[in-house]
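Inside the fold
Single-letter residue listing:
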Amino acid sequence: MPHPTSHAKSAVTRDDVARLAGVSSAVVSYVVNGGPRPVSAANEAKVRQAIRALGYRPNSAARALALGSSEMLALIVPDAINPFYASLARAVENAAAEQGYTLLLADSQDSLRTERRLIKNFAARRVDGLFLSSVLFEPDLIDLEQADIPVVLLNHPADVVMKGGARGHGANAVGVDFQEGARAAVEHLIGHGHERIGLVIGGNADSELDAREVGWHQGIQDAGLTAGPIIRVPFTREGGFHAGQELLARSERPTAVFVSSDQQAAGFLCALHEGGLRLPEDLAVFSFDGAPESEYTWPRLSTVAQPLKDLAQAALNALLTPEPGQETQAKTQIFPAELVLRASCGCR
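Within any chain, residue numbers begin from 1 and follow the written order of that chain's sequence. Whole-chain, interface and lining totals are the exception, using all residues; otherwise, since this is a predicted model, local features are given only for residues with pLDDT of at least 70 and side-chain atom pairs are given and counted only at 80 or more. Side-chain descriptors were evaluated using all non-hydrogen atoms of the structure, hydrogens and water having been removed beforehand.

1. Description of empty space enclosed by the protein
Grid spacing is 1 Å over the protein atoms alone, the probe is 1.4 Å, and a cavity is where that probe fits but cannot get out, while a pocket is an open set with protein on both sides within 12 Å along at least five of seven lines and lining residues have an atom within 4 Å of a point. Grid points are joined across faces, edges and corners, and a volume is the space filled by probe spheres set on the points. Under the criterion given, the structure shown has one cavity of 30 Å³ or more. Of the voids in this model, the largest cavity is the one considered here, and its volume is about 30 Å³. What lines the largest cavity is simply G198, L199, V200, P229, I231, L247, V257 and F268. Residues are grouped as follows: nonpolar covers Ala, Val, Leu, Ile, Met, Phe, Trp, Tyr, Cys and Pro; charged covers Asp, Glu, Lys and Arg; every other residue, Gly included, is treated as polar. The residue inventory of the lining of the largest cavity, partitioned by class, reads seven nonpolar, one polar and no charged.

2. Points about the sheet that holds strand β10 (residues 302-305)
Two strands in a sheet stick together by hydrogen bonds in their backbones, pointing the same way (parallel) or opposite ways (antiparallel). Across the sheet, which stays open at both edges, the six strands sit in the order β7-β6-β8-β9-β10-β12 with mixed pairing between neighbours. Every interior strand has two partners, whereas the edge strands, β7 (230-232) and β12 (338-340), have only one. The mean inter-strand angle of the sheet, taken between neighbouring strand axes irrespective of direction, is 20 degrees. Here, any two strands with at least 2 DSSP bridges between them count as paired. The helix and strand labels rest on DSSP assignments: H or I over at least four residues marks a helix, E over at least two residues marks a strand, and numbering proceeds from the N terminus. Where strand β6 (residues 197-201) meets strand β8 (residues 256-259), four bridges bridge the pair, whose relative direction is parallel. If you follow G198 over to β8, its bridge partner there is V257. By definition, residues are in contact when any of their heavy atoms lie within 4.5 Å. A fitted line through C-alpha atoms represents every axis, and for helices the fit uses only the stretch in contact; the resulting angles, taken between N-to-C directions, go from 0 to 180 degrees. Relative to the sheet, helix α9 (residues 178-191) contacts β6, β8, β9 (284-289), β10 and β12, its axis offset from that of β9 by approximately 165 degrees.

3. Points about the environment of D310
The residue D310 is located in helix α13 (residues 308-320) in this model. In this structure, the C-alpha to C-alpha distance between D310 and A95, residues 215 residues apart in sequence, is 9.7 Å.

4. Topic: the packing of aromatic side chains
Two rings from Phe, Tyr or Trp (for Trp, the six-membered ring) form a pair when their centres are within 6.5 Å of each other. A pair whose planes differ by under 30 degrees is stacked, one over 60 is edge-to-face, and the rest are tilted. Under the counting rule described, the total for this entry stands at two aromatic pairs. Measuring from ring centre to ring centre gives 5.4 Å for F178 and F288, while their planes differ by 15 degrees; the resulting arrangement is stacked. Taken as a pair, F178 in helix α9 and F288 in strand β9 lie far apart in primary sequence, 110 residues in all. Accessible area is worked out with a 1.4 Å probe on protein chains only. A residue is then buried under 20% of its type maximum, exposed over 50%, and partly exposed in between. Since its relative accessible area comes to 9%, F178 is described here as buried.

5. Regarding the packing of α9 against helix α10 (residues 211-222)
One way to put it is that α9 packs onto α10 with a least axis distance of 7 Å and a crossing angle of 40 degrees. Accordingly, the angle class assigned to the pair α9 and α10 is oblique. With respect to the hand of their crossing, α9 and α10 are arranged in right-handed fashion. Along the contact surface, α9 presents F178, Q179, A182, R183, V186 and I190, while α10 presents A211, R212, V214, G215, W216, Q218, G219, I220 and D222. Class assignment for the residues of the contact of α9 with α10 results in eight nonpolar, four polar and three charged. By definition in this entry, angles of less than 35 degrees are roughly parallel, angles greater than 145 are roughly antiparallel, angles of 65 to 115 are roughly perpendicular, and the rest are oblique. Handedness of each helix crossing follows the sense of rotation of the near helix against the far helix: counterclockwise by less than a right angle gives left-handed, clockwise gives right-handed.

6. Some thoughts on the sheet that holds strand β11 (residues 332-335)
One open sheet accounts for six strands, arranged β2-β1-β3-β4-β5-β11; its pairing is parallel. The open sheet is flanked by β2 (102-107) and β11, the only strands paired with a single partner. Shown here is a sheet whose adjacent strand axes are inclined to one another by a mean of 15 degrees, direction ignored. Strand direction decides the pairing type here: strand β4 (residues 151-154) and strand β5 (residues 172-176), joined by three bridges, are parallel. Bridged to L153 within β5 is A173.

7. Points about the pattern of salt bridges
Salt-bridge detection follows one rule: a side-chain nitrogen of Lys or Arg within 4 Å of a carboxyl oxygen of Asp or Glu. By the definition in use, this model includes 10 salt bridges. With a closest N to O distance of 3.2 Å, D143 and K120 form a salt bridge. Separated by 23 residues along the polypeptide, D143 in helix α7 (residues 142-146) and K120 in helix α6 (residues 112-124) bring together distant segments of the chain. Owing to a relative accessible area of 21%, D143 belongs among the partly exposed residues under this scheme. Notably, a salt bridge pairs D210 with R212, separated by 2.9 Å at the nearest N-O pair. Accessibility expressed as a relative area gives 11% for R212, which makes it buried. In this structure, a network of salt bridges that share partners links the residues E180, R183 and E187.

8. Let's talk about helix α5 (residues 83-98)
Working rule for helices: expected span equals 1.5 Å times residues minus one. Across its 16 residues, α5 extends 23 Å between first and last C-alpha, which sits within 8% of the 22 Å expected from 1.5 Å per residue. Along α5, the residues that are buried comprise P83, F84, Y85, S87, L88, A89, A91, V92, A95 and A96. Within 3.5 Å is the distance limit for a polar contact, defined as a pair of N or O atoms, with the added protein rule that one can donate a hydrogen and the other accept it, and that residues adjacent in sequence qualify only through two side-chain atoms. By the N-cap criterion, in which a side-chain oxygen at the helix start approaches the backbone nitrogen of a residue two or three places on, α5 is capped by N82, the distance to F84 being 2.8 Å. Just downstream of α5, G100 is the residue with a positive phi angle, here 85 degrees.

9. Notes on the nonpolar core
Nine residue types can take part in a nonpolar core, namely buried Ala, Val, Leu, Ile, Met, Phe, Trp, Tyr and Cys, and a core is a set of them joined through side-chain atoms within 4.5 Å. Core analysis: the biggest nonpolar cluster contains 44 residues, and L75, V92, F131, L154, V174 and F258 have the highest contact counts within it. Here this core gets eight residues from one element, more than from any other, and that element is α5. Discounting chain neighbours no more than four positions away, the residues touching L154 are L75, L88, V92, F131, L132, S133, V174, L311 and A315. Membership of the second largest hydrophobic core comes to 18 residues, among which are I76, L132, V151 and A171.

Okay, structure coming up:
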């Protein structure tokens, strides 16, 4: 047993580090926090040596209280292992790091219940802001409003926000013109001579109409053609594989298909290869997202690419620097998508 007069060693403080290094407490703070004032290389070396010798650990909670900021942002995505969302998270993290913020990433696993729990948790932890790629067209953001935490809807249908569809919050939105991107992809397929173009898309017939489906319809109608079949499957590789199997089982097949995500398209291509179809000779495919894996399928996927770096930077700007007097008014920034033409649609 410890001696009755002994007591636990007190925590090492910034002043302890300063005394050992022979500098002021302010200099220690500048080294630990990377500023705001510069420190000479010699003094920085002394401080870091003292930190190692004493085992000093900065008190992040006290720092957050002093700054009035946690210096942490959060991002919620519906599927963190989806290559598109993984790339989007990387782009957001890089943009946040350039401004001195740490990004916390959470996966709602395409579950509304999980998304709501994560929103509550981040609101309670007082993050400085939240990026939300929601599973809902109209997410409930009241917990963030009550905590006075700004939010940006990322990769979200813009028309919902412009109509005030984000319940309980003046949320900004940053995204891509899904409808126009899909319409342009269909127009490109028609340019290859296809007159019957199918659709593989997530969701179900009773859910809100996806803008990509609207764009697919628009492209077909503008050309005066008849729509091909619609196959609704989850936004996963497995979903795309099942869509391919369903298409192979049909007696009459379209000559081209627009697939609503690269991840679905990867599974779709696999099923078509197993069924013995030649691509693009027997069936042309155009997908959406521009995820890294689209360049490594066989054949390489033609895709509607989203400008991830631009989306991430715009979302960060919207979150951290609202325009004067516009803090509670929802604003939307929409980027055009780009057609990346590869072999799956017939381009070489």
